[in-house]
Amino acid sequence: MVNLKLEDYPQDSTRRVSFPLAPHLTHRSMFLMRKGKILYLDHQATTPVDERVLQRMIPYFGAKFGNPHSADHAVGWKSSRAVADSAAQIAALIGADADEIIFASGATEANNLALLGLAGRRADRRRNRVLVSAIEHKSVLAAADALKDRGYRVEAVPVDTEGRVSVRALEDALDDSVLSVSIMVVNNEIGTIQDVRSLSMLARSAGAVFHADAAQAPLAMEIGALAEDADLVSLSGHKMLGPPGIGVLYVRRALQERIEPLVYGGGQQNGLRSGTVPLPLCVGMGAAAELLRGDQVREARAAMRKRRDRFVEKLRNLPWGITVNGAAAERRHPGNANVCFHGFSAHDILNALQPALAASTGSACTSGIPAPSHVLKAIGLSSDDAEASIRFSLGFTSRDEDIDAAIDLIAEALGRFTQTTVVRSA
Ligand SMILES: Cc1ncc(COP(=O)(O)O)c(C=O)c1O
């Protein structure tokens, strides 16, 4: 094993390294890679599990096992207590009560339960329209789409160039034929934060149920009163320093009888979602919710925002034209920077940055589908600009040195592309 030092590399770090498996790598990314350092700027795809959360979960994979639904013995009672405590922690994060929290496999399932569940047990036949914002996550859009076969009309409410839902368009669309309105709290691609309170007041005044997909919200903002504003709220464990494979749907108590389950079985969780709940994951998501209610979170958010702003400023100082897509800094996720590198291909840039830097073209859940982002299109970007855009998302663990190193790598990659273009066009 060779011991590498940065000085071992020639100053011209744009020269390619001969490495059969990764011919695109530069000396600098090779150096970072061999140091085992990956610059992770994709926290909106998934957050690393916080060490404190992990420590709380570990005993539940071992000695503290037990089916929380086993009602006949103390092992089951203890597990049931742990699940109830976790539900209470998650409820407290959004200002709800523990019995209003339904555990599911993630926010995808929670969103499906919200839309399909409500539509499945519609009391008023006249309410046959479902409204969703144009920039919802695919799990909301696809669930809404599935309702078309069940006799519903689905309408997308447009957004402005910042990604903010048009209040006027929502007002115009609302009447007593609308069953539900789904609007995400924080967008997963451009980080736009919606004025959920005003939008939900409008929806409710027309008698519609208001559903908020808050999967991206816990890191981004204070959501302690969300359950007051929304009737249904989706959350995801792996977007909030907790484990993957778990999420919840908050269902306002008065609404629970109006939800048709997606999963039938032993009738667990009030019959709303049968199946044994995953004890260690529930405990982890509860612990994460508790962390995110702590005083330190405000500071962590402020530090993340400062780093994000510094990152954007440094990008602007590079000799290539960039635009930040979406809302002004104060109306967006403090860790989100969705950047258009005009004239470049986002896929090529991301490829050139592998494996040293992790960022993405948008929603990880849809990557692999070669279509420009529906979110970027909805805010008015051309297909070219949408395909030149990269989402960088910082987290609480991002450091200043990560930002500096990321800027160096990006500059190096863009420089190489520019050189290639110049050489080709010469
Ligand atoms: C806004 C939003 N909603 C829902 C989801 C789906 O969450 P999960 O991975 O927990 O199913 C995501 C994941 O990217 C998301 O960003």
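Quick notes on the rules
- Residues numbered from 1 in each chain as written.
- Predicted model: local features only at pLDDT ≥ 70, side-chain atom pairs only at ≥ 80, totals over all residues.
- Near = placed C-beta within 6 Å.
- Helix = DSSP H or I, 4+ residues; strand = E, 2+ residues; numbered from the N terminus.
- Nonpolar A, V, L, I, M, F, W, Y, C, P; charged D, E, K, R; others polar.
- Buried ≥ 20, exposed ≤ 12 C-beta atoms within 10 Å, placed from the backbone.
- Pairing = 2+ DSSP bridges.
- Axes fitted to C-alpha atoms, helices over the stretch in contact; angles between N-to-C directions.
- Contact = placed C-beta atoms within 7 Å.
- Core = buried A, V, L, I, M, F, W, Y, C linked by C-beta atoms within 7 Å.
- Domains from an automatic or database assignment.

Some points on the site of the ligand
Next, step 1: Every one of the 15 residues lining the ligand counts as a neighbour, but G106, A107, T108, N188 and S236 are closest to it.
Next, step 2: Top element by residues in the shell around the ligand is helix 4 (residues 107–120). It accounts for three residues.
Next, step 3: Looking at the shell around the ligand residue by residue, the class counts come to four nonpolar, ten polar and one charged.

Here's the deal with the pairing of strand 7 (residues 232–236)
Next, step 1: Extensive coverage of strand 7 is indicated by the burial of five of its five residues.
Next, step 2: Neither face of strand 7 is exposed, since L232, S234 and S236 on one face and V233 and L235 on the opposite face are all buried.
Next, step 3: Relative to strand 7, strand 6 (residues 209–213) is paired through three bridges, and the arrangement is parallel. Bridge assignment links D213 to a residue of strand 7, and that residue is S234.
Next, step 4: Two elements, strand 7 and strand 8 (residues 247–251), share five bridges in a ladder whose sense is antiparallel. Residue pairing across strands places L235 opposite V248, the latter belonging to strand 8.

Things to note about the sheet that holds strand 7
Next, step 1: The strand order 2-8-7-6-5-3-4 describes an open sheet built from seven strands, whose pairing is mixed. Looking along the sheet, the strands with just one partner apiece sit at the ends: strand 2 (101–104) and strand 4 (153–157). Recorded for the sheet is a direction-independent mean angle of 20 degrees between the axes of neighbouring strands.
Next, step 2: Packing against the sheet, helix 3 (residues 74–94) makes contact with strand 2, strand 7 and strand 8, and its axis sits at approximately 115 degrees to strand 2.

Some remarks on the environment of Y60
Next, step 1: The residue Y60 is located in helix 2 (residues 51–61) in this model.
Next, step 2: Given 20 C-beta atoms within a 10 Å radius, Y60 is considered buried.
Next, step 3: Residues Y60 and P278, spaced 218 residues apart in sequence, show a C-alpha to C-alpha distance of 9.7 Å.
Next, step 4: Once residues lying within four places of it in the same chain are set aside, the contact partners of Y60 are F65, A82, L279, P280 and V283.

A word on the nonpolar core
Next, step 1: In this structure, A212, V233, V248, L249 and Y250 are the most contacted members of the largest nonpolar core, which totals 92 residues.
Next, step 2: With nine residues, helix 10 (residues 279–291) is the single largest residue contributor to this core.
Next, step 3: Taken domain by domain, this core gets at least three of its residues from each of domain 1 (6–49 + 295–425) and domain 2 (51–291).
Next, step 4: If we skip the residues at most four places from it in the chain, Y250 touches I94, A96, E100, I101, A227, L232 and V233.
Next, step 5: Ranked by size, the runner-up nonpolar core spans 30 residues in total, among them L41, I322, I403 and L409.

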